[in-house]
Amino acid sequence: MIASQATLHAKTGGVVPEVAARAHVEKIIPVIRLALKRAKISIGKLAAIAVTAGPGLAPALAVGVDTARTLAWSFDLPLFPINHLEAHVFSAFIKEKNFSLPQKKRVFPAVALVVSGGHTDLVYARDWLKYKKIGQTLDDAAGECFDKIARLLNLSYPGGPALSKLAKQGSATINFPRPMLKTDNFDFSFSGLKTAVLYYLRNHKLPTTNYTLSANIAASVETAIVDVLVHKTIQAAIKLKAKTVLLGGGVAANLPLRARLKEAANKNNLNLLITKPEYCTDNAGMIGFCGWLHWRKQNFTPLKKIVVRAGWELT
Ligand code: KG4
Ligand code: ZN
């Protein structure tokens with residue numbers, strides 16, 4: 001069950017924390033009610049509640065955490081505070097009907113690429129919920145890069161899907177930089193790519209009404225981002241002798257990224273698990289699933305210790 005705020009944020013070209021938090025307050029109880037109705041279950045029959053505790057915008061997170069804490073206390077249920085990036089790491093394992101996991105030895109060790117609007121993280125996982133971050137972006141995240149370049153091209157919010165749609169009409173004729181492609185680490189950097197596009201547009205007196213040129217720019221940008229993401233992820237998996245590559249986060253919905261990663265994983269004899277499109281962009285399904293992973297390990301946190309953690313990075 002998703003109540004989208006995309007139309008609301010499109011008006012301002014991005015998320016205004018106060019506006020997002022107010023919309024959360026309005027929607028949270030109706031959405032919970034509808035989700036329970038669709039699942040044909042009453043709240044008291046639940047085994048536990050999971051809630052996003054971070055990272056993200058504190059005012060919006062507080063609405064969820066306060067509501068979940070109140071419900072958990074009222075119905076005497078355990079509450080699991082979930083790191084939404086951790087949920088992205090494991091979202092490729094979500095099955096809709098009933099949760100079950102493949103054999104551990106067939107999956108791990110795994111390398112996960114989490115690509116979202118605020119993060120581009122590479123994670124080495126040796127088991128479910130047991131992992132270490134091995135790389136991250138040093139500046140802009142991949143999604144942020146999609147969004148900012150989409151704005152330069154006068155595309156609508158959210159920029160990632162809009163840029164990708166335009167890219168389909170073009171071809172990757174412009175050789176934009178592939179930042180940090182060859183560096184001997186697992187980190188990323190995308191702000192240089194954004195600047196290169198800015199200069200390209202300035203030098204060519206763009207944005208333009210020339211649709212083909214805009215589409216070629218979009219295709220070239222998308223190819224550059226995908227090149228870096230795929231290369232670094234596969235290199236990490238090879239170097240760390242991983243069996244599996246996992247892909248999650250909003251940008252994981254990107255079709256060329258999914259296709260190119262599949263090709264590269266096949267070529268290198270790596271298993272690949274890609275999150276279903278509906279569980280890529282932030283969603284409560286993946287939070288529930290991650291809550292279930294904690295619940296099966298009996299990883300309980302006392303209610304009074306559950307707080308908003310706006311800057312909660314993976315470690
Ligand atoms: O994980 P997510 O929903 O939110 C954060 O945790 O940030 O990721 C949102 C990001 C945005 O930057 C959005 O433009 C990008 O994911 N995104 C895409 C696509 N769908 C969403 N980027 C490229 N191609 C897409 N199809
Ligand atoms: Zn996310």
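Scoring rules and cut-offs
- Residues numbered from 1 in each chain as written.
- Chains lettered and ligands numbered in written order.
- Predicted model: local features only at pLDDT ≥ 70, side-chain atom pairs only at ≥ 80, totals over all residues.
- Heavy atoms only, no water.
- Patch = residues over 30% accessible without salt bridge, like charges linked within 9 Å, V, L, I, M, F, W, Y side chains within 5 Å.
- Areas by Shrake-Rupley, 256 points an atom, 1.4 Å probe, with all protein chains shown as cover.
- Salt bridge = Lys/Arg side-chain N within 4 Å of Asp/Glu carboxyl O.
- Helix = DSSP H or I, 4+ residues; strand = E, 2+ residues; numbered from the N terminus.
- Donors = N, O, S within 2.8 Å, 3.2 Å for Na, K, Ca; no water.
- Buried < 20%, exposed > 50% of the residue type's maximum accessible area, 1.4 Å probe, protein only.
- Pairing = 2+ DSSP bridges.
- Near = heavy atom within 4 Å.
- Polar contact = N/O pair within 3.5 Å; in protein donor to acceptor, adjacent residues only side chain to side chain.
- Expected span 1.5 Å × (residues − 1).
- Contact = heavy atoms within 4.5 Å.
- Domains from an automatic or database assignment.
- Buried area = accessible area lost by both parts, 1.4 Å probe.
- Nonpolar A, V, L, I, M, F, W, Y, C, P; charged D, E, K, R; others polar.

Caption draft 1: Expanded view of a nonpolar patch on the surface. Among the surface-exposed residues, Leu8, Val16 and Val19 lie close enough to one another that they form a single nonpolar patch of about 180 Å² accessible area. Its place among the elements puts Leu8 in helix 1 (residues 6-10).

Caption draft 2: Structural view of the coordination of the zinc ion (ligand 2). Of the protein atoms, only His84 (NE2), His88 (NE2) and Asp282 (OD) coordinate the zinc ion (ligand 2), at distances of 2.0 to 2.2 Å. In primary-sequence terms, the residues that donate to the zinc ion (ligand 2) follow H-x3-H-x193-D. Of this pair, His88 sits in helix 4 (residues 84-90) while Asp282 sits in the loop between strand 7 (271-274) and helix 11 (284-296), placing them 194 residues apart in sequence.

Caption draft 3: Spotlight on the pairing of strand 4 (residues 120-127). With six of eight residues buried, strand 4 lies mostly within the body of the structure. Pairing analysis gives six bridges linking strand 3 (residues 110-115) to strand 4, with the strands arranged antiparallel. Bridge pairing in strand 4 links Leu113 to Leu122. Where strand 3 hands over to strand 4, the hairpin turn is made up of four residues, counted between the paired strands. Sheet analysis places strand 4 next to strand 5 (residues 130-136), joined by six bridges and oriented antiparallel. Its bridge partner lying in strand 5, Tyr124 is registered against Lys132. In this structure, the hairpin formed by strand 4 and strand 5 is closed by a connection of two residues, where Leu129 is found at a positive phi of approximately 70°.

Caption draft 4: Quick look at the site of ligand 1. In the vicinity of ligand 1 there are 16 residues, among which His84, Gly117, Asp147, Gly160 and Asp282 approach most closely. One of the backbone nitrogen or oxygen atoms of Gly117 is found 2.8 Å away from an oxygen atom of ligand 1. If ligand 1 stood free it would expose 550 Å²; the protein chains cover 86% of that surface. Listing elements by their share of the shell around ligand 1, those giving two or more residues are helix 4, helix 6 (142-152) and helix 7 (159-167).

Caption draft 5: Representation of helix 9 (residues 211-239). Between its first and last C-alpha atoms helix 9 spans 42 Å; for 29 residues at 1.5 Å apiece the expected length is 42 Å, and the two agree. Across the 29 residues that make up helix 9, a large majority, 21, are buried. Of the residues flanking the start of helix 9, the one acting as N-cap is Asn210, its side-chain oxygen 3.1 Å from the backbone nitrogen of Thr212. Remark: Lys241 follows helix 9 within two positions and exhibits a positive phi of approximately 55°.

Caption draft 6: Representation of helix 7 within the structure. With seven of nine residues buried, helix 7 lies mostly within the body of the structure. Among the residues making up helix 7, those that are buried are Gly159, Gly160, Ala162, Leu163, Ser164, Leu166 and Ala167. If you follow the buried residues of helix 7, they end up packed against helix 6, helix 9 and helix 10 (255-267).

Caption draft 7: The arrangement of the domain arrangement of the chain in detail. Structurally, the chain comprises domain 1 (6-86 + 282-305) and domain 2 (95-274). Distance from the C-alpha centre of domain 1 to the C-alpha centre of domain 2: 27 Å. Contact with domain 1, which involves 18 residues of that partner, is made by 13 residues of domain 2. When domain 1 packs against domain 2, close to 1400 Å² is buried across both sides, 70% of that on carbon and sulfur atoms. When the buried area of domain 1 at its contact with domain 2 is split by residue, Leu85, Trp292 and Lys297 rank highest and sum to 35% of it. There are two residue pairs in polar contact (both at pLDDT 80 or more) connecting domain 1 and domain 2. Looking at the side of domain 1 that touches domain 2, the elements with two or more residues in it are helix 1, helix 4 and helix 11. Looking at the side of domain 1 that touches domain 2 element by element, the count peaks at seven residues for helix 11. By residue class, the composition of the side of domain 1 that touches domain 2 is nine nonpolar, six polar and three charged.

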